[in-house]
Amino acid sequence: MKWFHHIAEKIGRVEHTPAEHGDAISELFYRRSLYETSEEFLRDLLAVFPEGEPLADADLRVLLQKLRGIWGAEQALALGELAEQRAFWLGLADHTGSAYAHACYGDTLLVGGQHAEAVEAFALSLELAPELLPEIAQDLDDVAREVGGSVWLHFCLAKLAALIGGQANPDDDESRELYSELLEEFSGDSEALERIHYHGQVLEEAVKRGEMPRAMVLRSGKRTEN
């Protein structure tokens, strides 16, 4: 999907600094043919990243270069090694808390046809890094809608939080439109409505602070003017 290429381009535009673990990563890939299995190789690659240490952009850039193309999820699927890639990205996400690692984990799930789990992973990546919204939403909306239910709601609320948090286009009213759509779609689900109303309150508070533009109508169960 295009989302990965958009993210790779964004990371590529970040000011280049030496990768903290770049030499270790490159050395492992140089010795890749010496490993009997991909599982052993990826286990050693994961060990390069200490638990609790954030994933640096420069290290991520190296991983994206090395683990895509011939080492990407699509190729891993063809080789019957997708589970090993999935375990690596999930492990990296757990070690570093990286939103990008969660998104890459989601990608392996998506390639493997595990759409519900993939959407959940992408929703989590949005919660961790709302700035990923343009890259992720444009490709995942249809998949998330097809999954539906609580997974679709989770994804939409992650989108809504990102929009309210500063990712909204000032020239449109996407956040309010999404909020209203969710109210209508989940009108018979009291638990879902409680979660949706919470974000509506956050939206109204952002409007009062001047962080979001005012609109004539903001629905929260009834029509009100702002």
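Residues numbered from 1 in each chain as written. Predicted model: local features only at pLDDT ≥ 70, side-chain atom pairs only at ≥ 80, totals over all residues. Heavy atoms only, no water.

> Explanation requested: the pattern of salt bridges in the structure shown.
Any two side chains of opposite charge can pair, so long as their charged atoms come close to each other. This structure, assessed with the given rule, holds three salt bridges. Between R31 and E27 there is a salt bridge, with its nearest N and O atoms 3.3 Å apart. A residue is classified by how much of its surface remains accessible, and R31, at 30% relative accessible area, is partly exposed. Put simply, D173 and R176 hold a salt bridge, and the shortest N to O gap is 2.9 Å. Residue classification places R176 among the buried residues on the basis of a relative accessible area of 3%. (Salt bridge = Lys/Arg side-chain N within 4 Å of Asp/Glu carboxyl O. Buried < 20%, exposed > 50% of the residue type's maximum accessible area, 1.4 Å probe, protein only.)

> Sorry if this is basic, but what is going on with the packing of helix 2 (residues 22-30) against helix 3 (residues 38-47) here?
The description of two helices packed together rests on the angle between their axes and the distance between the axes. One can describe the packing of helix 2 onto helix 3 by two numbers: an axis separation of 10 Å at closest approach and a directional angle of 170°. Classed by the angle they form, the pair helix 2 and helix 3 counts as roughly antiparallel. Of helix 3, the residues touching helix 2 (which contributes I25, L28 and F29) are F41, D44 and L45. Looking at side-chain class alone, the contact of helix 2 with helix 3 contains five nonpolar, no polar and one charged residues. (Axes fitted to C-alpha atoms, helices over the stretch in contact; angles between N-to-C directions. Helix = DSSP H or I, 4+ residues; strand = E, 2+ residues; numbered from the N terminus. Parallel < 35°, antiparallel > 145°, perpendicular 65-115°, else oblique. Contact = heavy atoms within 4.5 Å. Nonpolar A, V, L, I, M, F, W, Y, C, P; charged D, E, K, R; others polar.)

> Sorry, what's going on with the nonpolar core here?
The nonpolar side chains of a soluble globular protein tend to be buried with one another. One finds L45, L63, F88, W89, L92 and I196 to be the most contacted residues of the largest nonpolar core, which totals 65 residues. Dropping the residues within four chain positions of it, L45 is found in contact with I25, L28, F29, L63, L67 and F88. (Core = buried A, V, L, I, M, F, W, Y, C linked by side-chain atoms within 4.5 Å.)

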